[in-house]
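Report on the structure
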Amino acid sequence: MAEKKLVLIVVDGMTPATFERAAEGGRAPALAFLADHGSYRRGTSVFPSLTPVCLSSIATGAGPGDHHIPHLVWWHRRERRIVEYGSSFAALRAAGMTQAITDTIYNMNRRHLSAEVVTVYEALDGAGLVSAAVNITCYRGHTRYVPTLPWVTKPAYGPKRFFFYGLFESDETGAPFAVRSRTAGSTDAYAAAVGRWLVTRDGFDFLAYYLSDFDYASHAHGPSGAEEVALSRVDAAVQTLLDAAGGGDEFLDRYAVVLVSDHGQTNVERGATVQDSLTRLADDVIVTASNRAGQVYLRPRARVTAADLACAFDGDPSVEVTLRREGEDAVARREGEELRFRPGGDGWETSGDAAILDHPDALARTWSALANPNAGELLLSAAEGWEFADLGGRHHVGGGSHGSLVEGDSAVPVLTVGIDAGIERITDVTPAALAYFDVS
Ligand SMILES: [Zn+2]
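Residues numbered from 1 in each chain as written. Predicted model: local features only at pLDDT ≥ 70, side-chain atom pairs only at ≥ 80, totals over all residues. Heavy atoms only, no water.

Here we look at the packing of aromatic side chains
Filter applied, for reference: Any pair of Phe, Tyr and Trp rings, taking the six-membered ring for Trp, is counted once the centres come within 6.5 Å. Such a pair is stacked with planes under 30 degrees apart, edge-to-face with planes over 60 apart, and tilted for the rest. Going along the chain from the N terminus, every DSSP run of H or I of four or more residues is numbered as a helix, and every run of E of two or more is numbered as a strand. Only protein chains enter the accessibility calculation, which uses a 1.4 Å probe. A residue is then buried if its area is under 20% of the maximum for its type, exposed if over 50%, and partly exposed in between.
Here the structure, examined in full by the defined rule, presents 17 aromatic pairs. Relative to phenylalanine 162, the ring of tyrosine 139 has its centre 4.8 Å away and its plane inclined at 40 degrees; by these criteria the two rings are tilted. With tyrosine 139 in the loop between β5 (131-134) and β6 (143-145) and phenylalanine 162 in strand β8 (residues 161-164), this pair connects stretches of sequence that are 23 residues apart. Overall, phenylalanine 162 belongs to the buried group, its relative accessible area being 0%. Following the ring pairs from residue to residue traces out a cluster consisting of Tyr106, Tyr139, Tyr145, Phe162, Phe164, Tyr165 and Phe168.

Structure, rendered in structure tokens:
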């Protein structure tokens, strides 16, 4: 059995460069303290590098091909409707506010996340340990929770200790309501108040501590602007955990730590509307796009193939590469050139121009994205500097975004303290946690 308990800290959208500067400089003392005591490497996210996909990968150890969450926004083939997890307020409204909120809060975990995968909370709680989760959107567990709001009655199923933006709470902590003011960092202030309560009581074996405000700031100000605006708040939310144990050394006497982000961010200079390249084919397709990844779904009686769709994006400067399945192969297409690949004996069998997918872990990430039954027939990875407008027409031009295969969107910081785990991808986090606790 593990000697110490384990705290997983997920900082949404923090790039490796930001973490590395924080670890060296004096501006983030809590992160620097942890970095001083641990081992650090750069790791890789999944594709699309978007939060619902990434957090599901972190909490299950599976890629999107197995956990089935494909994007922030997708077409539900069986229910013949758009699922929207909150690209923007305008996108939520366009998708139908009540449905979109139900999809985000309940259905992502209860219906969309595959029953074939096991979450870290299900595994640990099932082994008699106590797992806790704060604000992380992939929360599926065995314990039933009724919302704190009297007019919402539908239950959710979470870990033994569960705190979700003040809406679901396993314990009375006195933490302030989470969503008063995103720009002022109220969501992470809620997480910190709950974290203080949990560490003070030593009330868990495993804690998933999710800080979302950094990503919010990075969308508004770009990755370097976020460092000015929000890094100190992230650090304060981590410092709160250390202080609750009586200081950094006391904290590390009790807890091992894994700190990761779910994806990176890159600067956005231009916005594009995916549908503009498909006007000729509008009757045959459904487009879902948001941030720096898009999907095109073929309607049931479409007169075109995914290969025809891919050709329609030749010459579109916003799309760096299109991705599709063709028989046994995956096909990446960029400016008329193609790369075909499939898993081989001990690696990948490829033919064509390998430079088309010269991005971190690109073949494996693409393969998993295309294996998702909820994914479109054609996937789009945006070119550097571009973003796709969402359902409400919103984008982050002048700020930052993520979602594509490029390194800036895909690389994440990985810090481990007191746990010997070769985490190279975000899908390695849950297997490392289960191995740490000797739970299969
Ligand atoms: Zn984001």
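Considerations on unusual backbone geometry
Between phenylalanine 47 and proline 48 the backbone carries a cis peptide bond, its omega angle lying at -10 degrees. One can find proline 48 in the loop between β2 (39-44) and α3 (51-60). The phi dihedral of histidine 68 is positive, around 75 degrees, even though this residue is not glycine. Assignment of secondary structure puts histidine 68 in the loop between α4 (64-67) and β3 (73-76). The class for histidine 68 is partly exposed, based on a relative accessible area of 21%. One non-glycine residue, tyrosine 165, adopts positive backbone phi at about 55 degrees. Considering the arrangement of structural elements, one finds tyrosine 165 in the loop between β8 and β9 (168-169).

Some thoughts on the sheet that holds strand β15 (residues 293-298)
The cut-off we apply is this: Any two strands between which DSSP finds at least two bridges are classified as paired. Only the stretch in contact is used when a helix axis is fitted, and all axes are lines through C-alpha atoms; the angle between N-to-C directions ranges over 0 to 180 degrees. Any two residues having at least one pair of non-hydrogen atoms within 4.5 Å are treated as being in contact.
Taken together, 7 strands build an open sheet; the order of strands is β14-β15-β20-β16-β17-β18-β19 and the sheet is antiparallel. Since the sheet does not close on itself, it has two edges, and those belong to β14 (285-290) and β19 (347-352), each with one partner. Along the sheet, successive strands turn relative to each other by an average axial angle of 20 degrees, direction set aside. The pairing of strand β17 (residues 329-334) with strand β18 (residues 337-344) spans 5 bridges and is classified as antiparallel. Opposite arginine 334, over in β18, you have glutamate 337 as the bridge partner. Along the sheet face, helix α12 (residues 362-370) touches β16 (319-326), β17, β18, β19 and β20 (378-382) and points at about 85 degrees away from the line of β18.

Thoughts on the sheet that holds strand β23 (residues 411-417)
Across the sheet, which stays open at both edges, the 8 strands sit in the order β2-β23-β11-β1-β10-β5-β8-β9 with mixed pairing between neighbours. Because the sheet does not close on itself, it has two edges, and the strands there are β2 and β9. Pairing between β5 and β8: 3 bridges, direction parallel. Bridge assignment links alanine 133 to a residue of β8, and that residue is phenylalanine 162.

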